[in-house]
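Summary of structural features
Chain by chain, the residues run as shown.
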Amino acid sequence: MSKYVDSVLKNLKAKNANEPEFIQAAEEVLLTLDPVLKANPQYEQNAILERIVEPERVVIFRVPWVDDTGKVRVNRGYRIQQNSAIGPYKGGLRFDPSVNLSVLKFLAFEQVFKNSLTTLPMGGGKGGSDFNPKQSPHTPGKRCSDAEVMRFCQSFMTELFRHIGPDTDVPAGDMNVGGREIGYLFGQYKRLANEFTGVLTGKALSFGGSLIRPEATGYGDVYFAENMLAKRGETFEGKRCVISGSGNVASFAAEKLMQLGAKVLTLSDRSGAILCESGITEKMLKDIMYLKNVTRGELADFAKKTKAVKFFKGVNSWQLTDKIDAAFPCARQNELNGKDAAYLLKHGCTLVGEGANMPSTPDAIDAFVKAKIMYSPGKASNAGGVATSGLEMSQNSERLSWSREEVDAKLKGIMKSIHDNAWESAAKYGKKGNYVVGANIAGFTKVADAMVAQGVC
Ligand code: NDP
């Protein structure tokens, strides 16, 4: 590690000692940048690292709302505006009890590099709240009602609206923020700002959404993996794949893998994981999507009704079966650890395509890189979602809607260019085949050059 990186990291750890996820994400990027910093002394001269790890702005606010029993509840809302060097801040909103400053700063930091990789003009941001739509505050074991979610979203946007705008900051969905929540948030923004603009992405088609946006992160993850396989002359036909999660990213990754002839063996959620040795069928996947998006239930309930799957309570998808070709972590951060990585490698896994943000722990990443398998970090392989959000912004500005085929073709093209950019950047700095180094360097360089050009700001 160079002296420059070492001193920036020391300072960052001292200043943000209570933010382990943020430190992990920053370390993961900075430790790969030495070659590009050495070749470009202007980055150190312009204090690019010191500036890139510091958010441009952090907004923290109170979100008061009234539950169905008439009681006032209070949550904490956040928006991290990390970096606007190459475009308006862009990044999702997460509603989950695990949300805190550290988690959102790690996500905003990752988003800067991811958005840069998409080739579209988008800066990085992230936001959300510790609100839990999956647990009603007054009835244990029940979810919040639609009316409670709506009142929460309206209160959240009542503060957020003054910090965002179509040319300033364009939020989207993330964990627990899907079409329903984006609709309520958009409605409240429209009332407060008195304008109909593309201020949020992930909208429904009837008010400016883009075709393929719901599918984009999962499909994009698989398109990226297809590009990695193509480098080795392979395809997905007959490959045995394990996936974690059963939400937006996981379900569409599963759908695309099935379309490409792979066998999807597992999915998971907070209740546990399901395994289907013969491969989850299209009908099962449709039922799971209905369960997750409409009745909002658990895989444990699904397993009770479906004999073809085995259910494993409270575990993830990694260590359930003996022969695995590829793994797709699509649920949450740090969900795949060193032991899981060792198990996957021992049982034949040669490809890991991250759909979630930072799902592999540092020791798991080391194991994948050392084994020289095809391993793509989330900031590269899950960029299809935000890329398609960028396409939604373009359609909104032009007041046009592109067809499903058009958007899918653009998504495929973007995933190929992210893959090729990461591949070529790794090769240029002597790390051929290392997508971690390649993605970090490619994402960083574009933002760093823009920051140098814009002076000290
Ligand atoms: P969803 O909320 O739709 O799905 C999340 C999935 O992860 C659910 O199956 C959920 O289980 C599971 N999960 C969450 N927390 C835990 C936990 N503590 N233990 C076990 N399972 C858990 O989110 P998304 O699919 O949108 O996002 C998944 C990941 O992908 C996140 O890391 C997100 O940041 C990242 N991402 C998402 C993008 C998007 O476009 N949506 C874009 C880029 C990255 P349950 O159903 O029980 O809640």
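Residues numbered from 1 in each chain as written. Predicted model: local features only at pLDDT ≥ 70, side-chain atom pairs only at ≥ 80, totals over all residues.

**Thoughts on the pairing of strand E7 (residues 263-269)**
Across the seven residues of E7, six count as buried, placing the element largely inside the fold. Bridge count between strand E6 (residues 240-244) and E7: three bridges; the pairing is parallel. From the neighbouring strand, Val242 faces E7, where its bridge partner is Thr266. Note that the unit made of E6, helix H10 (residues 248-259) and E7 has a crossover that is right-handed. In this sheet, strand E8 (residues 272-275) lies alongside E7 in antiparallel orientation, the contact comprising four bridges. Across the sheet, residue Asp269 finds its bridge partner in E8, namely Gly272. Counted along the chain from E7 to the antiparallel partner E8, the turn is two residues long. (Buried ≥ 20, exposed ≤ 12 C-beta atoms within 10 Å, placed from the backbone. Helix = DSSP H or I, 4+ residues; strand = E, 2+ residues; numbered from the N terminus. Pairing = 2+ DSSP bridges. Right-handed = clockwise from strand over helix to strand, strands pointing away.)

**A few points about the pairing of strand E10 (residues 326-329)**
Of the two faces of E10, the one carrying Ala326 and Phe328 and the one carrying Ala327 and Pro329 are both buried. The sheet contact formed by E6 and E10 spans four bridges and is parallel. Each residue of the ladder has a partner; that of Cys241, found in E10, is Ala326. Sheet analysis places E10 next to strand E11 (residues 351-353), joined by two bridges and oriented parallel. By the bridge assignment, Ala327 is partnered in E11 with Val352. Tracing the backbone out of E10, into helix H13 (residues 338-346) and back to the parallel element E11 gives a crossover that is right-handed.

**Some thoughts on helix H8 (residues 179-193)**
An ideal rise of 1.5 Å per residue puts 21 Å on 15 residues; H8 measures up with 21 Å between its terminal C-alpha atoms. As for H8, its buried residues are in contact with strand E3 (89-95), helix H7 (146-160) and strand E5 (169-173). Downstream of H8 by one or two residues, Asn194 has phi in the positive range, about 55°. (Expected span 1.5 Å × (residues − 1). Contact = placed C-beta atoms within 7 Å.)

**Description of the domain arrangement of the chain**
Looking at the chain, the domain boundaries give domain 1 (3-195) and domain 2 (216-371). Contacts between domain 1 and domain 2 engage nine residues on the former and seven residues on the latter. Of the residues forming the side of domain 1 that touches domain 2, the biggest block, four residues, is contributed by helix H2 (residues 20-30). Class assignment for the residues of the side of domain 1 that touches domain 2 results in three nonpolar, two polar and four charged. (Domains from an automatic or database assignment. Nonpolar A, V, L, I, M, F, W, Y, C, P; charged D, E, K, R; others polar.)

**With respect to the packing of helix H16 (residues 384-398) against helix H17 (residues 404-428)**
Viewed as axis vectors pointing N to C, H16 and H17 meet at an angle of 130°, and their least axial separation amounts to 10 Å. Put simply, H16 runs oblique to H17. Pair H16 / H17 crosses with right-handed handedness. Counting all contacts with H16, which are made through Gly384, Ala387, Thr388 and Leu391, the residues of H17 involved are Val407, Lys410, Leu411, Ile414 and Met415. In the contact of H16 with H17, the residues fall into six nonpolar, two polar and one charged. (Axes fitted to C-alpha atoms, helices over the stretch in contact; angles between N-to-C directions. Parallel < 35°, antiparallel > 145°, perpendicular 65-115°, else oblique. Left-handed = near helix turned anticlockwise from the far one by under 90°.)

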